[in-house]
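# Analysis of the macromolecular model
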Amino acid sequence: GITKEGLNKALCYYEITIGGRGGKGGETHQKVLSQEQAEKGILALVKATYGALFNHLVARVNASIAGDAGAGGKAKGKGRGAAKGASIGILDIFGFESFLVNSFEQLCINYCNG
């Protein structure tokens, strides 16, 4: 986990070490970020967090609908060398979309367009 102080330091300060090797020795300089820079960092953190949550949910849903697919997420059986996995498509006002990899941004676009 991360402490409140650690999160504050990560979002509000920029740190650079000059000289030294592997984090040993050298001079460390710390600079306070402007409010605009800190806000951009917060927005990036939120976007990354929601993106990771979306990917986790997609993986869980795919695992649950794959049935006996196993850990790899691919259906068992004989075929042309490649197993077919289960997928979810999103229908919006612009038509049916099916991507190999769906992203959180695509979900937001479809949600806003719907």
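None of these values were measured; they are calculated from a predicted model.

## A word on the environment of lysine 40
Here lysine 40 is to be found in helix H2 (residues 35-65). Looking at lysine 40, the relative accessible area reads 54%, which means it is exposed. Considering only alpha carbons, one finds lysine 40 and leucine 11, 29 residues apart in sequence, at a separation of 9.1 Å.

## Here's the deal with H2
The end-to-end C-alpha distance of H2, which contains 31 residues, comes to 45 Å, matching closely the 45 Å that a straight helix rising 1.5 Å per residue would cover. All of the buried residues in H2 are Ala38, Gly51 and Phe54.

## Quick look at a nonpolar patch on the surface
The grouping of Ile42, Val46, Tyr50, Leu53 and Leu57 at the surface amounts to a nonpolar patch, some 440 Å² of accessible area in total. Following the sequence through the fold, tyrosine 50 ends up in helix H2. Take tyrosine 50: its relative accessible area is 45%, and that puts it in the partly exposed class.

## Let's talk about the confidence of the model for the protein
Per-residue pLDDT for the protein averages 74, and the proportion of residues at 70 or more is 62%. Scored below 50 in pLDDT, residues 70-82 makes 11 contacts in the model with residues more than four places away or belonging to other chains.

Calculation rules
Residues numbered from 1 in each chain as written. Predicted model: local features only at pLDDT ≥ 70, side-chain atom pairs only at ≥ 80, totals over all residues. Heavy atoms only, no water. Helix = DSSP H or I, 4+ residues; strand = E, 2+ residues; numbered from the N terminus. Buried < 20%, exposed > 50% of the residue type's maximum accessible area, 1.4 Å probe, protein only. Expected span 1.5 Å × (residues − 1). Patch = residues over 30% accessible without salt bridge, like charges linked within 9 Å, V, L, I, M, F, W, Y side chains within 5 Å. Areas by Shrake-Rupley, 256 points an atom, 1.4 Å probe, with all protein chains shown as cover. Salt bridge = Lys/Arg side-chain N within 4 Å of Asp/Glu carboxyl O. pLDDT = per-residue confidence, 0-100. Contact = heavy atoms within 4.5 Å.

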